[in-house]
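Okay, here's what each chain looks like letter by letter:
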Amino acid sequence: MKKLAVLIMCLLAFSYVFSFSPTGSLKVGYSYDLENQSGSSYTELYLSGNSLSGDFTTKDLKLDSGYIALDTDLVDLKAYYNRVFGSTGDWLGIYSFNDSRNGLEIELFGFRGVTTGDVSYLQYRGNLSNFYFSAMLGKRSTVNDMYFDFNWEPGLRYFGEFGVSYENEEKIGSNNFFYMFGISTVDWKHGVKLTGVGSETHLDYCDYVNDNDLEGEILANLWTTFGNFKLFFDYKFTSKTPKYGVEYSSGDVWFKVWKEGTKFDSDILNWDDFGMEVGRNFSFIGFNGKISYKFGKPAHDSTSAMGEVFYAELWKNFGSVNFFAKWQYLNTLYTKAYTAYYELKFTDEKSEFKLSLGDGDFSSQINFVKKISLEYSTWW
């Protein structure tokens, strides 16, 4: 409660100093876990004025997160508490944050300074005759990072990034460098990209590097589009591993198929990772919906096992009332799981009321969550 009171006092003080006449929105909600017989409330408040904005959230009447932003003609200053912020936005996502943190962000004359936890960096964004670029000097714990990235579109799109990552007192060598260069059409329908990451770059916090297992690797990406078909081919030169596939989308129907590696065996369990998905949008007695089927290894974000996923959505508007529902059934070698989510929204010009059953995050919640939630939103 003390943190919440301090934040409210700061907003009031700023509103007095800067003649703060805010527009904004307010959201209050309550969720009750039917299985554990426990409830939790939350609040979200957003306010925006001419040069000052801010918002905060509470959970069970305690401050959960918030930020205050002061934007002037000279400088923009933001202070965050328990919020996701601070990503650099470069091609490789050297500092790409998806966890909540505390910190400060300041922008002045094209420079952007961020400090949060064990991370601090200074970034500059600019352009010269439509040659857009950014440069960064950063430090995360004991690791130092530098990069330069660019985007230029004189007919085709030329883009890239190169940099270095090394630990304190470490002698910089070729294994500390990383790079990415590519050429594509402006609409991204055709292109080629080459990415190389040294084995001693220490980019264990970079999602793109980790998700593609690129430490000490060189990766080539080639893609092209013909009508409704998109074909892609990826190749890792060090491990000599290809990945290839095709995607199709036309009207209400889509499918995609992909495979990694060259190993085909009579026992499909011995294959390298692969996947296929087919889906369709549809209308039925006034309802709109979507159905899809996925089979592969891994079958789902929550597992590394082979299996299948059945998924469906259904929605319809009844004037100011909107109904939405979705279902998922996961069937793997080791797991069988079913989950569902149901939602009713009542909306008018300045407010909205939502009633829901279940948890809508199917990536992590593969079993049905017996939870009922009520939420009211208003804006002005």
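Everything below is about the structure shown above.
All of the points below concern the structure found in this document. Fair warning: this is a prediction, and the values are worked out from it, not measured in the lab. (Residues numbered from 1 in each chain as written. Predicted model: local features only at pLDDT ≥ 70, side-chain atom pairs only at ≥ 80, totals over all residues. Heavy atoms only, no water.)

1. Quick word on the packing of aromatic side chains
Phase 1 of the analysis: For the coordinates displayed, the defined rule picks out 32 aromatic pairs.
Phase 2 of the analysis: Consider the rings of Phe264 and Trp271, whose centres lie 5.1 Å apart with planes at 75°: the pair is edge-to-face.
Phase 3 of the analysis: Overall, the relative accessible area of 53% leaves Phe264 in the exposed class.
Phase 4 of the analysis: Taken together, the aromatic side chains of Phe111, Tyr124, Phe131, Phe133, Phe148, Phe150, Phe162, Tyr179 and Phe181 make up a single cluster linked through ring pairs.
Phase 5 of the analysis: Sitting over the face of the ring of Phe318, Lys316 holds its NZ or CZ atom 5.2 Å from the ring centroid. (Phe/Tyr/Trp six-rings, centres within 6.5 Å; stacked < 30°, edge-to-face > 60°. Buried < 20%, exposed > 50% of the residue type's maximum accessible area, 1.4 Å probe, protein only. Lys NZ or Arg CZ within 6 Å of the ring centre and 35° of its normal.)

2. Observations concerning the pattern of salt bridges
Charged atoms that come close allow side chains of opposite charge to pair.
Phase 1 of the analysis: A complete count under the given rule lists 12 salt bridges for this structure.
Phase 2 of the analysis: We note a salt bridge from Glu313 to Lys290, for which the minimum N-O separation is 3.9 Å. Remark: Lys290 occurs in strand 19 (residues 287-297) and Glu313 occurs in strand 20 (residues 307-318); sequence separation between them is 23 residues.
Phase 3 of the analysis: Residue classification places Lys290 among the partly exposed positions, given a relative accessible area of 23%.
Phase 4 of the analysis: One salt bridge in this structure joins Lys354 and Glu375, with 3.7 Å as the shortest N-O distance. Linking Lys354 in strand 23 (residues 351-358) with Glu375 in strand 24 (residues 371-379), this pair joins segments that are 21 residues apart in sequence. (Salt bridge = Lys/Arg side-chain N within 4 Å of Asp/Glu carboxyl O. Helix = DSSP H or I, 4+ residues; strand = E, 2+ residues; numbered from the N terminus.)

3. Observations concerning a nonpolar patch on the surface
Phase 1 of the analysis: Nonpolar side chains collect at one region of the surface, where Leu26, Val28, Leu34, Phe346, Phe353, Leu355, Leu357, Ile372, Leu374, Tyr376 and Trp380 lie side by side and expose about 860 Å² of accessible area between them.
Phase 2 of the analysis: When residues of the nonpolar patch are traced back to their parent elements, those giving at least two are strand 1 (23-33), strand 23 and strand 24.
Phase 3 of the analysis: Examined against the element boundaries, Leu26 turns out to sit in strand 1. (Patch = residues over 30% accessible without salt bridge, like charges linked within 9 Å, V, L, I, M, F, W, Y side chains within 5 Å. Areas by Shrake-Rupley, 256 points an atom, 1.4 Å probe, with all protein chains shown as cover.)

4. Focus: unusual backbone geometry
Peptide bonds are trans in most cases, and residues, glycine excluded, mostly fall at negative phi.
Phase 1 of the analysis: Note that the residue after Lys297, namely Pro298, is joined by a cis bond; omega there is 5°.
Phase 2 of the analysis: Summarising the element assignment, Pro298 is placed in the loop between strand 19 and strand 20.
Phase 3 of the analysis: Here the phi dihedral of Asn82 falls at roughly 55°; this positive angle occurs in a residue that is not glycine.
Phase 4 of the analysis: Its location among the elements puts Asn82 in strand 5 (residues 75-83).
Phase 5 of the analysis: Judged by relative accessible area, Asn82 falls into the partly exposed class, the value being 27%.
Phase 6 of the analysis: Phi is positive for Asn130, which is not a glycine, with a value near 70°.
Phase 7 of the analysis: Mapped onto the elements, Asn130 comes out in the loop between strand 8 (119-128) and strand 9 (131-140).

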